[in-house]
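Reading the structure
Listed here are the chains, written in short residue letters.
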Amino acid sequence: MLTEEKIPTKPDNVRTEEMVLNMGPQHPSTHGVLRLELTLQGEIIKECRPHIGYLHRCFEKHAEAMTYPQVVPYTDRMDYLASMYNEFGYAVAVEKLLGIEIPERVEYIRVIMGEFQRIASHLVALGTYGADIGAMTPFLFCFRDREKILSLFELVSGARLLYNYIWVGGVSHDLHPDFVRLAKEFIPYFRPKIKELNDLLTGNRIFIERTANVGVLPLDTAINFGISGPNLRASGLKWDLRRDDPYSIYDKFDFDIPIGKGEMGTVGDCWDRYYMRVLEMEQSLRILEQALDQIPEGDVSSAIPKRIKPPAGQVYSRVENPRGELGYFIISNGTVNPFRIKVKGPSFVHLGIMNELCKGHMIADVIAILGSIDIVLGEVDR
Amino acid sequence: MKSTEEVFEILKGRFGDAISELVTGQPAESYFSVSPKEINKICFYLRDTEELLFDNLMNLSGVDDDNGEKKTAEDGSFTTFGGTLSVFYHLESTSLKHKVTIRVSVPRETPELESVAEVWRCADWHEREAYDLIGFNFLNHPDLRRILMPYDWEAGHPLRKDYKNPEFYQGMKVPY
């Protein structure tokens, strides 16, 4: 990090001034439509102000006019790289409000979908992060493997990106007869690919130079800013809602929670945030292996309520989305329409820390920092 | 680890009348109410006291309680008078692993409450969102601007129950 004192001294008669530069709204490495207003002193960032709302369609207002099951497809469209998990979180929240029990097979299917979605989402994050920094090859490799997961999703739900698969009380279809076999084949296929990614990108000298010691996020700042998910773990806190606030059947599985150790630089730098996602893909594979072996037979639609009319009350329920803590705050007034749904999206909260991370860095580092916190603008703007 | 009732008792002993109305027995969660002028002081206390340590603001959401008097116009749209707007704070402690929900209600005509952005920095954007979509005035907020809607949106706050879409925005037809 460069500070003001390290800038080469200039002759007294040269006039300098701050410059304001708009990065975006159309910029390939803003991952959507985001404008960063950068105040620059030379090449050094003095201030970074994110301007959001370009994709705002007020999901929360829409939801108030819908019945509870009708909201599910809307949740897909928030974090469109992790649609399954958005549905999962919504279903968990409404079920808490209704107080209903879910068949075990459904819970297994949800966990399997959720973990496949986590891998798919991390693959996009890692691939595009490489591409942002200048390594095009990993991007293509990641997308090749992600396609295989999307094909599995297509097999069960009929859609590749926006599934409408996990419903309140169940799932829309039972698994395709071939699904378990194909999913089991994917795991031994994918394990070596993680090593391939490590060889290509993780240990790459240029990549490390660009990311290690850049955008260091200390733990106390991270908690105060409400950071969650891989970004919080990269700062060194063993915090995963699958363990610390268990939902569904995650307590049945054996998996580790990786945390940032600062192997290439400082704890909580961009490289740590990147590497967390690589390690998490391995843990997801472990959960998948166990879940696919243990999945019981059963009816997946027996618990789907005919008419969803929760008693008056409220609930805040959260799940560990690939990006962090995805929370649904639902108020019911006893009718078939939700009175209020507020979504706490991890990307929205994470974007709020951009100014803190970018201050004092060079312009090129903004790309590295923004890519490492892995935002999806569909969820930021909702 | 403390339950909502215990936290309520601790705060009641410390702040007295600023804490009121413990609501329990709902299907999923309990909460209590806090006075809008004291909320930031109470939040500092909640964050820094050794037995509480609420270091994480999970969520902050504004709600239109829709409990005022409604006057319906000829075209079927209505305007609400009186009643309250509320902000819900969901807090948790990452070290002690307990959670609590706080509610602050303000009158619809003067929706003013203290900001907690100094206590938890993530509240900055959450409060901007609540201001933008529901129209709270967070006192002593560092940068209270619209966040999701356009900066020059003049038709009010969309998540209020009596919100009406304007016909035009900057000369453009809505809905287009």
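The model shown is predicted, which means the values in this text are computed figures rather than measured ones.

Now for the overall build of chain B. Looking only at helices and strands, chain B features three helices and eleven strands. The order of α-helices and β-strands along chain B, N terminus first, is α-β-β-α-β-β-β-β-β-β-α-β-β-β. Seen through its C-alpha atoms, chain B measures out along the principal axes to roughly 55 × 30 × 25 Å. The buried share of chain B, reckoned over its 176 residues, is 39%. Long-range pairs, those at least 24 residues apart, make up 53% of the contacts in chain B between residues at least 6 apart in sequence.

This brings us to the overall build of chain A. Helices and strands together make up the secondary structure of chain A, namely 15 helices and eight strands. On C-alpha atoms alone, chain A measures out to a radius of gyration of 22 Å, which is about the 21 Å that the 2.2 N^0.38 rule sets for 382 residues. Dimensions of chain A, computed from the C-alpha atoms along their principal axes, are close to 80 × 45 × 35 Å. For chain A, long-range pairs separated by at least 24 residues make up 73% of all intrachain contacts whose partners lie at least 6 apart in sequence.

Residues and elements named next belong to chain A. Pairing is antiparallel in the open sheet, where three strands are placed in the order β1-β2-β3. The open sheet has two edge strands with one neighbour each: β1 (19-23) and β3 (44-51). Each strand axis lies, on average, 25° off the axis of its neighbour in the sheet, ignoring direction. Taken together, the five bridges between β1 and strand β2 (residues 35-41) define a ladder with antiparallel strand orientation. Considered in β2, the bridge of Met23 is made with Leu36.

The tendency in soluble globular proteins is for nonpolar side chains to be buried side by side. All names here are of chain A. Val94, Ile112, Ile330 and Ile369 are the most contacted members of the largest nonpolar core, which totals 148 residues. Considering each element in turn, this core owes the most residues, 14 residues, to helix α4 (residues 104-133). Among all residues touching Ile112, those that are not within four sequence positions of it are Ala183, Leu288, Ala291 and Leu292.

Below, the discussion takes up the interface of chain A and chain B. A common way to state how big an interface is: give the accessible area lost once the parts meet. Opposite the 33 residues of chain A that make contact, chain B presents 26 residues. Of all elements in the fold, only α1 (59-64), α3 (83-98), α8 (219-224), β6 (313-321), β7 (324-332), β8 (340-344) and α12 (346-351) of chain A reach the threshold of two or more residues within the side of chain A that touches chain B. In the side of chain A that touches chain B, the residues fall into 14 nonpolar, nine polar and ten charged.

Residues and elements named next belong to chain A. Among the eleven residues of helix α14 (residues 363-373), eight are classified as buried, and the element is accordingly described as predominantly covered. Here α14 has its buried residues at Asp365, Val366, Ala368, Ile369, Leu370, Gly371, Ser372 and Ile373. Looking one or two residues beyond α14, the residue adopting positive phi is Asp374, at roughly 55°.

With that out of the way, let us pick up unusual backbone geometry. Residues and elements named next belong to chain A. For Cys58, which is not a glycine, the phi torsion comes out positive at approximately 50°. The topology assignment puts Cys58 in the loop between β3 and α1. Judged by local crowding, Cys58 falls into the partly exposed class, with 15 C-beta atoms found within 10 Å. Of note, the phi angle at Ser248 is positive, near 50°, even though the residue is not glycine. The partly exposed category is assigned to Ser248, around which 19 C-beta atoms lie within 10 Å.

Our focus in this paragraph is the environment of Glu356 of chain A. The residue Glu356 of chain A is located in helix α13 (residues 354-358) in this model. Classification of Glu356 of chain A as partly exposed rests on a count of 16 C-beta atoms within 10 Å.

Moving on to the sheet that holds strand β2 (residues 31-34) of chain B. Residues and elements named next belong to chain B. As summarised here, the arrangement of the five strands in space is β1-β2-β7-β6-β3, forming an open sheet in which the pairing is mixed. In this open sheet, the two edge strands, each paired with only one partner strand, are β1 (19-23) and β3 (56-64). In this sheet, adjacent strand axes meet at a mean angle of 25° when their direction is disregarded. Pairing between β1 and β2: four bridges, direction antiparallel. The partner of Val23 across the bridge, within β2, is Tyr31. Each of β3 and β6 (84-92) touches helix α3 (residues 123-133); the most contacted strand, β3, lies at about 5° to it.

What follows covers the pairing of β2 of chain B. Examined bridge by bridge, β2 of chain B and strand β7 (residues 99-107) of chain B share two bridges and lie parallel to one another. Residue pairing in the sheet places Phe32 of chain B in a bridge with Ile102 of chain B of β7 of chain B.

This part covers the packing of α4 of chain A against helix α11 (residues 270-294) of chain A. Residue and element names in this part refer to chain A. Here α4 crosses α11 at 155°, and the two axes come no closer than 9 Å. Regarding the angle of α4 to α11, the classification is roughly antiparallel. Here α4 and α11 pass one another in a crossing that is left-handed. Residues Tyr108, Val111, Ile112, Glu115, Phe116, Arg118, Ile119, His122, Ala125, Leu126 and Tyr129 of α4 pack against Tyr274, Arg277, Val278, Glu280, Met281, Ser284, Ile287, Leu288, Ala291, Leu292 and Gln294 of α11. In terms of residue class, the contact of α4 with α11 is made up of 15 nonpolar, three polar and four charged.

All names here are of chain B. Per-residue pLDDT for chain B has a mean of 85; in total, 98% of the residues score no lower than 70. Across chain B, the element-wise mean pLDDT spans from 79 in β1 up to 91 in α3. Overall fold confidence (pTM) sits at 0.89, and the ipTM for the predicted complex is 0.89.

What follows deals with the packing of α3 of chain A against α4 of chain A. Residues and elements named next belong to chain A. For the pair α3 and α4, the least separation of the axes is 8 Å and the interaxial angle reads 140°. One finds that α3 runs oblique with respect to α4. Like other packed secondary-structure pairs, α3 and α4 cross with a definite hand, here left-handed. Contacts from Met84, Tyr85 and Phe88 in α3 reach Arg110, Met113, Gly114 and Gln117 in α4. Partitioned by chemical class, the residues of the contact of α3 with α4 number four nonpolar, two polar and one charged.

Here we come to the environment of Glu129 of chain B. All names here are of chain B. Secondary-structure assignment places Glu129 in helix α3. Considered as a pair, Glu129 and Leu139 are ten residues apart in the sequence and their alpha carbons are 15 Å apart. Contact partners of Glu129, with chain neighbours within four places excluded, come to Ile147 and Leu148.

Conventions we followed
- Residues numbered from 1 in each chain as written.
- Chains lettered and ligands numbered in written order.
- Predicted model: local features only at pLDDT ≥ 70, side-chain atom pairs only at ≥ 80, totals over all residues.
- Helix = DSSP H or I, 4+ residues; strand = E, 2+ residues; numbered from the N terminus.
- Buried ≥ 20, exposed ≤ 12 C-beta atoms within 10 Å, placed from the backbone.
- Contact = placed C-beta atoms within 7 Å.
- Rg over C-alpha atoms; globule rule 2.2 N^0.38 Å.
- Pairing = 2+ DSSP bridges.
- Axes fitted to C-alpha atoms, helices over the stretch in contact; angles between N-to-C directions.
- Core = buried A, V, L, I, M, F, W, Y, C linked by C-beta atoms within 7 Å.
- Nonpolar A, V, L, I, M, F, W, Y, C, P; charged D, E, K, R; others polar.
- Parallel < 35°, antiparallel > 145°, perpendicular 65-115°, else oblique.
- Left-handed = near helix turned anticlockwise from the far one by under 90°.
- pLDDT = per-residue confidence, 0-100.

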